[in-house]
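Working through the structure, step by step
Now for the letters of each chain:
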Amino acid sequence: MKEILGHYITKIEGHGKLKVDFSKERAELNVDEGERLFEGLVLGRNYEDAPLISARICGVCPTAHTFAAIDALENALDIKVPEHIADYRKIMLSLQTFQSHVLHLFFLATPDYLNIDSALDLAEKNPAVFQIVLGLKRLADEGIELIGGRSIHPVTPVVGGFTKLPDYHELLLYKNRLEKNLVHAIEAAKLFAKFHYPHMEREREYLSLQDSSYPLIGEEVISSMGKSFKVSDYQKNISEKVNSYSTAKFSTKDGKGFMVGSIARVNLKFQLLNKNALDLAKGLFPTNNPFKNNLAQAVEMVHYMEEIILLIDKVKGADVAASRISYEVKAGKGAGCIEAPRGLLFHYYELNSKGIIINCDIITPTAQNLTSIEDDADELLKINHHLSRKEQEQQIEMLIRAYDPCITCSVH
Amino acid sequence: MKDKIKVAIFDLTDCEGCELQFLAFREKLLDLEKSIEITNWRLAKAKNDNGPFDVAFIEGSPLTLDDIEMIKEIRQSAGAIVALGDCASLAGIPGIVNPREREALARKVYGKNYELAVKRVYPLSHYITIDYHIRGCPVTEPELEYVVSSLIWGKVLSPKPFPVCLQCKAKENHCLLLEGKACLGPITKGGCGALCPSVSHRCYGCYGPAKGANIEPFKKHLSEVVGRDEASRQLHFFITNPSMEEENKEKKKA
């Protein structure tokens, strides 16, 4: 068969090809996904379809898209949900990042550091770790299933709350399993502190959400450069441009690239990490080395497991039968933002008086990181003259994987 | 022992949620590895073989020229091809708009001179012969396991010819349609265990139409429940696909 099957970057979510011009020290990430047009697919449809349709942007982080859409729609309809519903959402968002990080860390990124072809080889090379990984994957999948109905493309989350919430004792059983697995997760996360990360530092701006705890959902975006902005003003602060070689748009802020996701969150909100995650992260952050995004993800995997345990304690006694509030459908517009596994995820909807969607805008974390990925790749080309071209390309691919790009998300 | 069955897993333009269900096998994947060998899986492996394969699973919609060329190549080198999920099998989510709208939307997103390389969204079967379809958005792990184990044991695959309502009734759920909600259970292919109605969410048809589904009379009923526009929008999700409807209309004219 022709090369066509071979030259997509492997072990990343979606289809991207790396194109390097060594003479100009310039790297391009050619995004080859077909046009997906999600911002158009929801137009003319009922607002209730938006969470269902936008979940299909990504099979790795559908829960993140579901809640970003719900957040934006509730802002458009002036809906404020009670605290326990907001807490259940935070459990789901924590589960989403836990699930996505387990997938990326162990199934996609680890082979780079252990020099193996795929994570399945880990079963032979280190069966003890592989068993831990399978246990964590099961735990994450089953947590989302417990509250969301299924682990991919959840069904219970709706505007106004949930169609149904599980009995609290089921959450307690789940919490028990989380507590038992936490010690294994910490062991697995420690592996990432031992890996050798290529040396590369580049100053850049980091963005995350302002939240009462370590960020999950919020109304204000904070920056390592000091200046924050409101989520409702995101379109004034983040610009998108179309590059001819890519069906994904590239974002910039003040004309420059920036970074969102695990490194950004750990760098900016280090002091809010839960206890075991903080112990793991001590002395390792802040960092300007993008390869260490994997390390930040390992820290966050532990953090979000601890967070789910805390939140399950917090929702004790809440009335699960009161899972959804009633509201009026009316015309309006609203932006929403959540911390998806890979960073800030913005959704924006405009509705007419019948609740039909007349405008939509979505900016995904990977679209925001693309400019920074290319700038880092250019930097690697400048400092890696001693390596062969093949080795340089391999390292750039490893860099791209470290960012955990979600190409399918970036082409939404 | 006979040779391991060579399996490939390919993804076209889509969300990759269906292929992730292979990872939901977890320990079972190691058991399966005694009988099958995954020789090409871009999402999970660095070294990928170009075939031949005994079975190729293909997920997603062919929306780029590369996608279309690739599936034709795969047809040449694979014994059996399984269309994995609704995008591959039914044109899925990208098919919920008609071709004219699609062109206009692409210009809105990418600029007014933008040309779509592939103008229409079709399921895989428009381009190549498909041996088996697994429905679902996403496909479920039990059904995927059933298909993979049947392939290993050489069993004949039998489709499930019942709608969502069958399993819903068996679970003794309240009927959402009778409560005045736009539940698509009666016309949607079953096999999901009536997942949505069991958590008080109406079925929105994510397994596609059931075999022999009487869609027109159902649409009439649904129109009485939620109005004609909304009924038609709900069906234009997974049940009927504007992209395909357009194609059928043009065929009739010709």
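Provided above is the structure to which this section pertains.
These numbers come from a predicted model, not from an experiment. (Residues numbered from 1 in each chain as written. Chains lettered and ligands numbered in written order. Predicted model: local features only at pLDDT ≥ 70, side-chain atom pairs only at ≥ 80, totals over all residues. Heavy atoms only, no water.)

Side note on helix α11 (residues 242–253) of chain B
Residues and elements named next belong to chain B.
- With twelve residues, α11 extends 17 Å between its outermost C-alpha atoms, agreeing within 8% with the 16 Å of an ideal straight helix rising 1.5 Å per residue.
- If you check which residues of α11 are buried, you get Pro 242, Ser 243, Glu 246 and Glu 247. Looking straight down α11, one finds that the buried residues subtend no more than 145° of arc, so they occupy a single side. Seen from the buried face of α11, the exposed residues on the opposite side, beyond 90 degrees, are Lys 249, Lys 251 and Lys 252.
- Those residues of α11 that are buried are in contact with α5 (99–110) and α10 (228–238).
- Where α11 begins, one side-chain oxygen reaches toward the backbone nitrogen of Ser 243, 3.0 Å away; that side chain belongs to Asn 241. (Helix = DSSP H or I, 4+ residues; strand = E, 2+ residues; numbered from the N terminus. Expected span 1.5 Å × (residues − 1). Buried < 20%, exposed > 50% of the residue type's maximum accessible area, 1.4 Å probe, protein only. Arc of directions from axis to C-beta. Contact = heavy atoms within 4.5 Å. Polar contact = N/O pair within 3.5 Å; in protein donor to acceptor, adjacent residues only side chain to side chain.)

Brief notes about the pattern of salt bridges
- Under the counting rule described, the total for this entry stands at 47 salt bridges over all chains.
- Across the salt bridge formed by A:Glu374 and A:Arg26, the nearest N and O atoms sit 3.3 Å from each other. Of the two residues, A:Glu374 sits in helix α12 (residues 365–383) while A:Arg26 sits in strand β2 (residues 26–31), which places them 348 residues apart along the sequence.
- With a relative accessible area of 5%, A:Glu374 lands in the buried category.
- In this structure, A:Arg265 and A:Glu339 form a salt bridge, with 2.7 Å as the shortest nitrogen-oxygen distance. Of this pair, A:Arg265 sits in helix α9 (residues 262–269) while A:Glu339 sits in strand β11 (residues 332–340), placing them 74 residues apart in sequence.
- A relative accessible area of 1% places A:Glu339 in the buried class.
- Three or more residues joined by partner-sharing salt bridges are found here, namely A:Arg138, A:Glu142, A:Arg177 and B:Glu27. (Salt bridge = Lys/Arg side-chain N within 4 Å of Asp/Glu carboxyl O.)

Overview of the packing of aromatic side chains
All names here are of chain B.
- Under the criterion given, the structure shown has 19 aromatic pairs over all chains.
- Judged by centre distance (6.2 Å) and plane angle (45°), the rings of Tyr 204 and Phe 238 are tilted. Pair noted here: Tyr 204 is in the loop between α8 (195–198) and α9 (215–226) and Phe 238 is in helix α10, with a separation of 34 residues, a long-range link.
- Owing to a relative accessible area of 1%, Tyr 204 belongs among the buried residues under this scheme.
- The exposure class of Phe 238 is buried, given its relative accessible area of 5%. (Phe/Tyr/Trp six-rings, centres within 6.5 Å; stacked < 30°, edge-to-face > 60°.)

Quick word on unusual backbone geometry
- The peptide bond linking A:Phe285 to A:Pro286 adopts the cis configuration, its omega dihedral lying at 0°.
- Put simply, B:Gly51 and B:Pro52 share a cis peptide bond, and its omega is 0°.
- Here B:Pro52 lies in the loop between β2 (36–41) and β3 (53–59).

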